[in-house]
Structure formats: C-alpha cells, structure tokens
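# Residue-level structure breakdown
Spelled out from the first residue to the last, the chains are:
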Amino acid sequence: MPDRLTLIAPDDWHVHLRDDTMLARVIPHTARSFARAIVMPNLRPPITSVDAAMAYRKRIQAACPDGLTFEPLMTAYLTDHIAPEELEQGFADGVFTAAKLYPANATTNSAAGVTSLDGIDAVFTCMARIGMPLLIHGEVTDADVDVFDREAVFIERHLRPLRERHPELRIVLEHITTEQAVDFVGSADRNLAATITPHHLQINRNAMFLGGLRSDFYCLPVIKRERHRLALRRAATSGDARFFLGTDSAPHPREGKETSCGCAGIFNAPYAIESYAQVFDDEGALDQLEGFASRHGPAFYGLPVNSHEITLERVPVEVPDRIDGLVPFHAGEHLPWRVVRDL
Ligand code: DOR
Ligand code: ZN
C-alpha cells in the first residue's frame, strides 16, 4: 500500500463560495486544495448577468489569500426570463463557463429558478449550439413527491426528455445521490456527466438522525439510504470519466443550521480531498483518484489539466470541531490521509 500519492492538482467542479464575510472565511479552504472551481451563482440576488459574474469573480479573486493560485470559473443562474444572448455573450467572453439550472424552490436561494423547462427551451437550444455546459440541480419540487424520490423522479420526468430533445446539449447532473442517477449517467453515450460529493460517498441518511436531529448532515439533494451510497462509491472509483469531483461545499452560519428549520448544506471544503482519498483508499482504488479528481472534469469541460501537482501522505489528520465558527464535515474525526502542504 502506498503511503504517498502525488496527483495532478484537482479542481472542484461544484462549490458555493458565498459573498462578503462568508466568502472571506471559506475561500482559503477551497483555494488551498483546488486549482479551479465551478462557482455556484445562487447568491442573493443571483448571478444572472455577465456584469454581475465579472464583479463576483473580482470579489473572489480579491478574497483569495496571497500566494495561492486559484481560478474561479463562473456560472450563470438560469431564470424564466434570462436572455440566451446574455449567456452567449458571457460564454464567448470567457466570463461564464456554464449555466446552472435550479428548479424554482428546489434548494437554498432558488426562488428565482426555473418554473418550467419548456419555458426556456430557447436557452437550451442556444447552449447546445455554442457548446455551453448546463449544470442541473436534479430534483422535482412537487410537494406530493417524497423528498427521497425527487432526484429519481426528476430524471424520468425532466432529464430524459431534455436529453432526447437536445442530444447535443452538454449536461452535468450535479451532486448525484441515487443509483438511478448512476445508472442514467452511466448509460449515456455522450454529453452527460455527474459530480459526486464527499458526503454522499461517506454517509447515508442515518447520519442525519444519529442520537438526535443532526442538521450538519442535512443537504440537498438529501442523503439517501446505504444502497445508493454504495452505488455512488462504485461509480466514483470505477475510472468512468463521466463521474468527477464536485464538493458542493455549502457553508451556512451556525444560526442557519442550529434552528428549528435548518438550512441545507455541508461545509466540506477544508478536508474535501482528504475525505475523497479515504473513500478511494477504502475501496482499494487509490489509482483511480487522479482521474476522478483531476482529469475527468477538465476533459468534460474541454479544459487542460492543471500543470502542478499535490501530494497526499498517509498520516492521520484530526478535523477540528469548528473552523472559523463553522462546523466542517468530519468535525472531530481523524482522516487517514493529509495533504503535504510544504514540500
Ligand atoms: O445542500 C445544499 N446547499 N444544496 C444545494 O443545492 C444548495 C446549497 C446551498 O446553497 O446552501
Ligand atoms: Zn450546490
């Protein structure tokens, strides 16, 4: 068993960096481990224009600690009224890397999301034509659909028809949580990929109820039963290039989590790569980690892989209970791998 592992520097293909003071708190953690990240646009107000994305990118760069080279890749937040021309302009100018589809009210700050996929068909036509990736939060929001079934229902009701209608549209199904998603993405011949979070690989839904109601393990799409976690672990470690790393690190202030109606989101940025390394090690698949973390994402997005490397070593690391007032994923646990920061 190797005790040191050198990888092409990884990227995070799905992260929430927030804004203002929260941005300042969380950006060092993402920038330390990841060379680039796809930045979610669900701010208040959401990032719906090229100008707003450029201004947000500047704020991220300004908040990034000196000495770290980190490239934020910006996304546009799709609404019922977004103009295809705005997306086309932003994509051509290198401001937007992709556009994010939140079904209206599916999750945090998604009230301005899309109420009907048919209603923005011209947007999909435009994106397919210019090769702009569509990133999807794949859950239906119907109150009569069980919360644990919302991803599987979305796939059949919306994603399958969308793929049939727009086979040229490049789609990432974000933060997949079910074996149905694994099967759907795994059977696509092209133009479909999925990101997988550390938390959906590490825990099942029991974690939310361990000794009480544990809001630190509540996120959306909600974590599912063990069968699904195992399917995700098989997909992530399989070497299949359709599956790649996206942390969905989603910090919330403590008062947003410790309340009778807690926010969805897990702050995993500080030890994300260490968490993935543990999963791949446990599955006997450390040789597949570089593909998942550093190669498959750039290949899908048509970007070069990073030119520098990181090294992990098999030395246990203790995850603190709090980081800057936030509870990190794995708080209080030991993880078996750590990043060698100063070679
Ligand atoms: O758990 C989540 N938190 N899922 C999302 O889709 C959004 C995110 C957030 O922004 O807090
Ligand atoms: Zn997210």
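Look a little higher up for the structure.
The structure presented is a predicted model; accordingly, all values stated were derived computationally and were not measured.

The next thing to look at is the coordination of the zinc ion (ligand 2). Geometry sets the ideal angles at a metal, namely 109.5 degrees for four tetrahedral donors and 90 or 180 degrees for six octahedral donors. Distances from the zinc ion (ligand 2) to its protein donors, His14 (NE2), His16 (NE2) and Asp248 (OD), fall at 2.1 Å. Every donor residue of the zinc ion (ligand 2) comes from the same chain, spaced as H-x1-H-x231-D. In this pair, His16 sits in the loop between β2 (12-15) and α1 (20-33) while Asp248 sits in the loop between β9 (243-245) and α9 (254-257), placing the two residues 232 residues apart along the sequence. Here His16 matches Asp248 in class, with each residue buried.

All right, on to the site of ligand 1 then. As a matter of local geometry, ligand 1 sits amid 13 residues, with Arg18, Asn42, Thr107, Leu220 and His252 nearest to it. A distance of 2.8 Å separates an oxygen atom of ligand 1 from a polar atom in the side chain of Arg18. In the complex, the protein chains occlude 100% of the 290 Å² of accessible area that ligand 1 would expose alone. Looking at side-chain class alone, the shell around ligand 1 contains 4 nonpolar, 7 polar and 2 charged residues.

In this section: unusual backbone geometry. Geometrically, the link from Arg44 to Pro45 is a cis peptide bond, its omega value of -5° lying close to zero. Along the chain, the position of Pro45 falls in the loop between β3 (36-39) and α2 (50-63). In this chain, Leu220 is followed by Pro221 through a cis amide linkage whose omega measures -5°. Along the chain, the position of Pro221 falls in the loop between α7 (198-202) and α8 (226-237).

The antiparallel open sheet is built from 3 strands, whose spatial order is β1-β10-β13. The open sheet has two edge strands, β1 (4-8) and β13 (338-339), and neither has a second partner. With 5 bridges joining them, β1 and strand β10 (residues 309-313) adopt antiparallel strand pairing. Each residue of the ladder has a partner; that of Ile8, found in β10, is Glu309. Contacts from helix α11 (residues 289-301) reach β1 and β10, with the element oriented near 25° to β1.

Where helix α10 (residues 272-282) meets α11, the axes come as close as 9 Å, and the angle between the chain directions of the two elements is 140°. When the axes of α10 and α11 are compared, the pair comes out oblique. Of the residues in α11, those touching α10 at Ile273, Tyr276, Ala277 and Phe280 are Leu289, Phe292 and Ala293. In terms of residue class, the contact of α10 with α11 is built from 7 nonpolar, no polar and no charged.

How each quantity is defined
Along every chain, residues carry numbers that run from 1 in the direction the sequence is written. By the order in which they are written, chains take letters starting at A while ligands take numbers starting at 1. Totals for whole chains, interfaces and linings use every residue, but because this is a predicted model, local features are given only for residues with pLDDT of at least 70 and side-chain atom pairs only at 80 or more, for both listing and counting. Side-chain figures throughout are based on the complete set of non-hydrogen atoms in the structure, without hydrogens or water. Water is absent from the atoms considered, so a metal site may look incomplete; donors are defined as N, O and S atoms within 2.8 Å of the metal, or 3.2 Å for Na, K and Ca. Helix numbers and strand numbers start at the N terminus; a helix is a DSSP run of H or I with at least 4 residues, a strand a run of E with at least 2. Only protein chains enter the accessibility calculation, which uses a 1.4 Å probe. A residue is then buried if its area is under 20% of the maximum for its type, exposed if over 50%, and partly exposed in between. To be near a molecule or strand, a residue needs just one of its heavy atoms within 4 Å of it. Two N or O atoms count as a polar contact when they lie within 3.5 Å, although within protein this holds only if one can serve as hydrogen donor and the other as acceptor, and sequence-adjacent residues are included solely when both atoms are side-chain atoms. Computed with the Shrake-Rupley method and a 1.4 Å probe, the accessible areas treat only the protein chains shown as cover for residues. Residues are sorted three ways: Asp, Glu, Lys and Arg are charged, Ala, Val, Leu, Ile, Met, Phe, Trp, Tyr, Cys and Pro are nonpolar, and all the rest, Gly among them, are polar. We treat two strands as partners when DSSP finds at least two bridges between them. Note on contacts: a residue pair qualifies if any of its non-hydrogen atoms lie within 4.5 Å across the two residues. Here the axes come from fitting lines to C-alpha atoms, over the contacting stretch only for helices, and the angles between their N-to-C directions go from 0 to 180 degrees. Each angle gets one of four labels, with under 35 degrees taken as roughly parallel, over 145 as roughly antiparallel, 65 to 115 as roughly perpendicular, and the rest as oblique.

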